Number of protein chains: 2
Amino acid sequence: MTLSNEGKKMILALQFVSGYGGEFRSWRLPGASADAYTNMDYQVSIAKKAEEGKFHMIFSADTPALTNDLSNQSPMHQMDPLVSFAAFARETNNIGLVSTVSTTHSYPYNTARTMKTLDVMSGGRIGWNAVSSSMGGVAENFGTRMLPRETRYDMAYEAIEAVQTLWGSFGEGAMVLNKKTGEYADMSKVSYANYNGEYFKTKGPLPIPASPQGQPPIFQAGGGEKGIEMAGKYASGVYANPYTIADAKMHRSALHESAERHGRSGEDIKMLAGFMFTIGDTEEEALERRRQIMDYAPEMETAQRVQYLGMMVNLRISINDININQPLPQELVRQTSPNMMDPRAERVMELIQKGLSVKDILAHGVINYHPVVAGTAVQVADFLEKWFTSGATDGFSIVPDSLHDGVEKFVEQVIPILQERGLFHKDYEGPTLRENMGVPYQYGVR
Amino acid sequence: MTLSNEGKKMILALQFVSGYGGEFRSWRLPGASADAYTNMDYQVSIAKKAEEGKFHMIFSADTPALTNDLSNQSPMHQMDPLVSFAAFARETNNIGLVSTVSTTHSYPYNTARTMKTLDVMSGGRIGWNAVSSSMGGVAENFGTRMLPRETRYDMAYEAIEAVQTLWGSFGEGAMVLNKKTGEYADMSKVSYANYNGEYFKTKGPLPIPASPQGQPPIFQAGGGEKGIEMAGKYASGVYANPYTIADAKMHRSALHESAERHGRSGEDIKMLAGFMFTIGDTEEEALERRRQIMDYAPEMETAQRVQYLGMMVNLRISINDININQPLPQELVRQTSPNMMDPRAERVMELIQKGLSVKDILAHGVINYHPVVAGTAVQVADFLEKWFTSGATDGFSIVPDSLHDGVEKFVEQVIPILQERGLFHKDYEGPTLRENMGVPYQYGVR
Ligand SMILES: Cc1cc2nc3c(=O)[nH]c(=O)nc-3n(C[C@H](O)[C@H](O)[C@H](O)COP(=O)(O)O)c2cc1C
Ligand SMILES: Cc1cc2nc3c(=O)[nH]c(=O)nc-3n(C[C@H](O)[C@H](O)[C@H](O)COP(=O)(O)O)c2cc1C
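Described in the following lines is the structure provided in the data block. Residues take numbers from 1 onward in each chain, read along the sequence in its written order. The naming scheme follows written order: chains are lettered A onward, ligands numbered 1 onward. The predicted origin of the model limits local features to residues at a pLDDT of at least 70 and limits the giving and counting of side-chain atom pairs to 80 or more, whereas totals for whole chains, interfaces and linings rest on all residues. Just so you know, side-chain values use all the structure's heavy atoms and leave hydrogens and water out.

What to know about the overall build of chain A
Then, number 1: Helical segments are the DSSP runs of H or I of at least four residues, strand segments are the runs of E of at least two, and each set is numbered from the N terminus. Of regular secondary structure, chain A possesses 15 helices and 13 strands.
Then, number 2: Only the C-alpha atoms count toward the radius of gyration. The rule for a globule is 2.2 Å times the residue count to the power 0.38. For 446 residues, the compact-globule estimate of 2.2 N^0.38 gives 22 Å, and chain A sits close to it at 23 Å.
Then, number 3: With the principal axes as the frame, chain A shows a C-alpha extent of 85 × 45 × 45 Å.
Then, number 4: In chain A, which comprises 446 residues, the proportion classed as buried is 63%.
Then, number 5: The protein chains shown are the only cover counted for residues, whose accessible areas, like all others here, come from Shrake-Rupley with a 1.4 Å probe. Accessible area for chain A stands at about 16,400 Å²; split by element, carbon and sulfur atoms hold 48% of it.
Then, number 6: When the 42 positive and 52 negative side-chain charges of chain A are each reduced to one mean point, those points stand 4 Å apart. Exposure classes here rest on a 1.4 Å probe applied to the protein chains alone. A residue is buried below 20% of its type maximum, exposed above 50%, and partly exposed in between. Positive charges come from Lys and Arg, negative ones from Asp and Glu, while His and the chain ends are left out of the count. Where a charge sits is defined by one atom per residue type, namely NZ (Lys), CZ (Arg), CG (Asp) or CD (Glu).

Written as structure tokens, this is what we have:
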């Protein structure tokens, strides 16, 4: 299998997080909207800015539960991403809108109905990230306990098929609206869904017509054998979090193979790699901003991060033993070696060699969930180019540290570079998410 | 118990139906938007017009199922009322937005989350019509059979309490957003819901702050002992369908008594009586429009209506035996008497005595679900005044035959009359639905 992006352009998703950004204390930054979580004017302004930059889509991860301590951090997710999407659908024209909706904790009829309504209302711009909700605390909000992975995935398959069957139940062309003859709908094109699974049953029909893209494409998030298998069967897009190009290639290959096992083409699944950034006019300015965000954290947390950093290079260090504003002392540097369990360790070694202070190494985001670039717009563009041209991924799911100026900086500084280099489209290919992603039209179950 | 409206003003709700109106073939009228169901620009324009008229609220009844034959009729409900409400919330400023969400077929966590998000986003303008979904075909969309009434109401009580507990779980003042101290939320004001019912369990918390009205008020729809009992415990508003002033007074008294049994004041529950109208410059013009809508119906349906009309006055008649464009022949008129089972029969007798043609009697809406006035704006205002000043109801839930011009006519012609007569407010009392309805603030379970 060859993974090539020759002649192609990258796909970009903006992770909306909770309206603040990937750094959960960035709400404290000067200029940031502390109330982004509840401020819909602000959220819409971010969506518009992303559209100005021709982002293919906004992606809202979601979990129906409070999943972090809000004492000093902003929430991980929106109040309700689909409510925000209704506003975005009205106030933007081209950008896709992809949200997670749990396959475990929502009735297929309700999921199908709300997402299809949004799809019709947005002119075919909605996508469904179908996840089984594995986070702790979620099941308890629905009166159950977390189910075994096997069961969650069995349910997810059923949920997707039930939803797609409902979507297809109001056939294409069923809306007639002929005032002269009085025919409102052609009921011969409307059929029961009669979906009868082990976990989900639904009769239908769902009385909502096809959108310009037929129905929302399915997305899948995360790796794991089960996830990749499910993606091969259903997904048009995958949100992945590879830390290295090698990881990404493995994941992308596995997705292509899975698609082919299910009678589809690897090209039908677009992988989007998570990527976080802080843009400054200089690398030092970007680092300074990340140091600032680090300073918002309680000391305890910084202590833990220092300890964790040590583990990545097989060192036992404590914040009490070292000066984090200094490089590691030479005798410690000599003892370092990359921890083979962690793909991010090589990057840490590199920065230690360069003689950066411990704080600056952390500021570079080496222990973040995603690869991070703290630097100039050119450095960010270089990173994306390198990954993309190596064939590692179809695109990126980018997470600004803080949306309040991060989206603007990316749109105004990084995107023009990517466009100039021929790596990113200059305009939307069409009005629907499927057209912009380059994935086939679909209506009903495949 | 005295039911008086002295010194009060009536509350008005606009029933949104599916975007078309109370007559399901009105989509064929010249000037009507045949695509109102999917056309969000149009729907928003109706919401704005209603707000211009100072309507207290839009009310969207809802059932998660296709409940009528769409061959020549528009659907009974919207694609998804909460999606439309997100748009209305953004594009209006004062009007309340009340939707049905099933207490049987939605998880309390999901209901609580979406409604509270809308409530925050709209600045405190959302209401929840909590109904147990008794319509055929609904349960099958959720893989079950229709439950006995008893069970449905037990579940409804639990659903409301679970939702209200979740609403209250993120305490007032919990959002701090202090950039200086770094405190995002005061977690001592956030608590688990730990709702543990027989049908619904949910742990929470739901991380959404209070809206300016605390949380959405509860509405209840329909009469029946169980419904009235539930309203007394929870509801701030009730959608009722009395056909006569006497019916309405009985219903309103029952609601007041029920409220008092639950330690509340009768004044805390506002009853809104359903009412349909067609406005013309003359009564004849209004009737002509209703004849036109009747002509859109298949002959079979008109035949059934004629037969049904006969039954209301204890006559066996068939469309084949009479000329519906003529008054009933005198020998038939002599045989009529009001069917005591039907509160609408008196009105039919009256119109027969007046010598109207059978078609015109039907055109007056005598066998409609709601009382109907087909006439001038003054006639409509007179009807509302008579009911209101008699103390029959706190207000009305009005249903135009067709929204496309019916809302405009009501706003431009009827409302000024009501205002002049001192029966309707001239402006919104405040920014929230609770303030406009005159019902107390509430947060969490009472
Ligand atoms: C980029 C990315 C995005 C994800 N988004 C979500 C999400 O929105 N909601 C969620 O509950 N889980 C999300 N997950 C978690 C995965 O769906 C998955 O549950 C996780 O990888 C654990 O795998 P398992 O479910 O096979 O146990 C995400 C994971 C990744 C890598
Ligand atoms: C004005 C009015 C509005 C109603 N709205 C709804 C609605 O939106 N959805 C629904 O399923 N039922 C609705 N109903 C039905 C009632 O909630 C109730 O189910 C019905 O009166 C039957 O009573 P029962 O549930 O006690 O059997 C409405 C009834 C009335 C009179």
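Overview of the packing of helix H2 (residues 81-91) of chain A against helix H3 (residues 108-121) of chain B
Then, number 1: Between H2(A) and H3(B), whose axes approach to 9 Å, the crossing angle comes to 45°. As judged from the angle between their axes, H2(A) and H3(B) are oblique. Taking contact as the criterion, the partners of Pro81(A), Val83(A) and Ala87(A) in H2(A) are, on H3(B), Arg113(B), Thr114(B), Thr117(B), Leu118(B) and Met121(B).
Then, number 2: Asp, Glu, Lys and Arg are counted as charged, while Ala, Val, Leu, Ile, Met, Phe, Trp, Tyr, Cys and Pro are counted as nonpolar; the rest, among them Gly, fall into the polar class. Here the residues of the contact of H2(A) with H3(B) sort into five nonpolar, two polar and one charged. Think of each axis as a best-fit line through the C-alpha atoms, taken over the contacting stretch in the case of a helix, with angles from 0 to 180 degrees between the N-to-C directions. Working rule for angles: under 35 degrees goes down as roughly parallel, over 145 as roughly antiparallel, 65 to 115 as roughly perpendicular, anything else as oblique. Whether two residues are in contact is decided by their heavy atoms, any of which lying within 4.5 Å being enough.

Here we look at the interface of chain B and chain A
Then, number 1: Every contact between the two is made by 70 residues of chain B and, on the other side, 70 residues of chain A.
Then, number 2: Put simply, buried area is how much 1.4 Å-probe accessible surface two parts lose in total, over both of them, once they are put together. A buried area of about 5,700 Å², summed over both sides, lies between chain B and chain A, and 60% of it is on carbon and sulfur atoms.
Then, number 3: In terms of surface lost to chain A, no three residues of chain B exceed Arg90(B), Lys179(B) and Tyr184(B), which account for 14% of the buried area on that side.
Then, number 4: Salt-bridge detection follows one rule: a side-chain nitrogen of Lys or Arg within 4 Å of a carboxyl oxygen of Asp or Glu. The tally of links from chain B across to chain A stands at six salt bridges.
Then, number 5: Among the salt bridges present, the one from Arg90(B) reaches Asp41(A), with a minimum N-O distance of 2.8 Å.

Describing the packing of helix H5 (residues 149-169) of chain A against helix H6 (residues 225-234) of chain A
Residues and elements named next belong to chain A.
Then, number 1: With their axes 11 Å apart at the nearest point, H5 and H6 run at an angle of 15° to one another. By the criterion of interaxial angle, the relationship of H5 to H6 is roughly parallel. Note on packing geometry: the crossing formed by H5 with H6 is right-handed. For the pair H5 and H6, contact is made by Arg149, Glu150, Tyr153, Ala156, Tyr157, Ile160, Glu161 and Gln164 and by Lys226, Gly227, Glu229, Met230, Lys233 and Tyr234, respectively.
Then, number 2: Tallied by class, the residues present in the contact of H5 with H6 amount to six nonpolar, two polar and six charged. A clockwise turn of the near helix away from the far one marks a right-handed crossing, whereas an anticlockwise turn of less than a right angle marks a left-handed crossing.

What to know about the environment of Ala156(A)
All names here are of chain A.
Then, number 1: Following the sequence through the fold, Ala156 ends up in helix H5.
Then, number 2: By relative accessible area, Ala156 is classed as buried at 1%.
Then, number 3: Residues Ala156 and Asn129, 27 residues apart in the sequence, show an inter-C-alpha distance of 11 Å.

In short, geometric facts, not functional conclusions.
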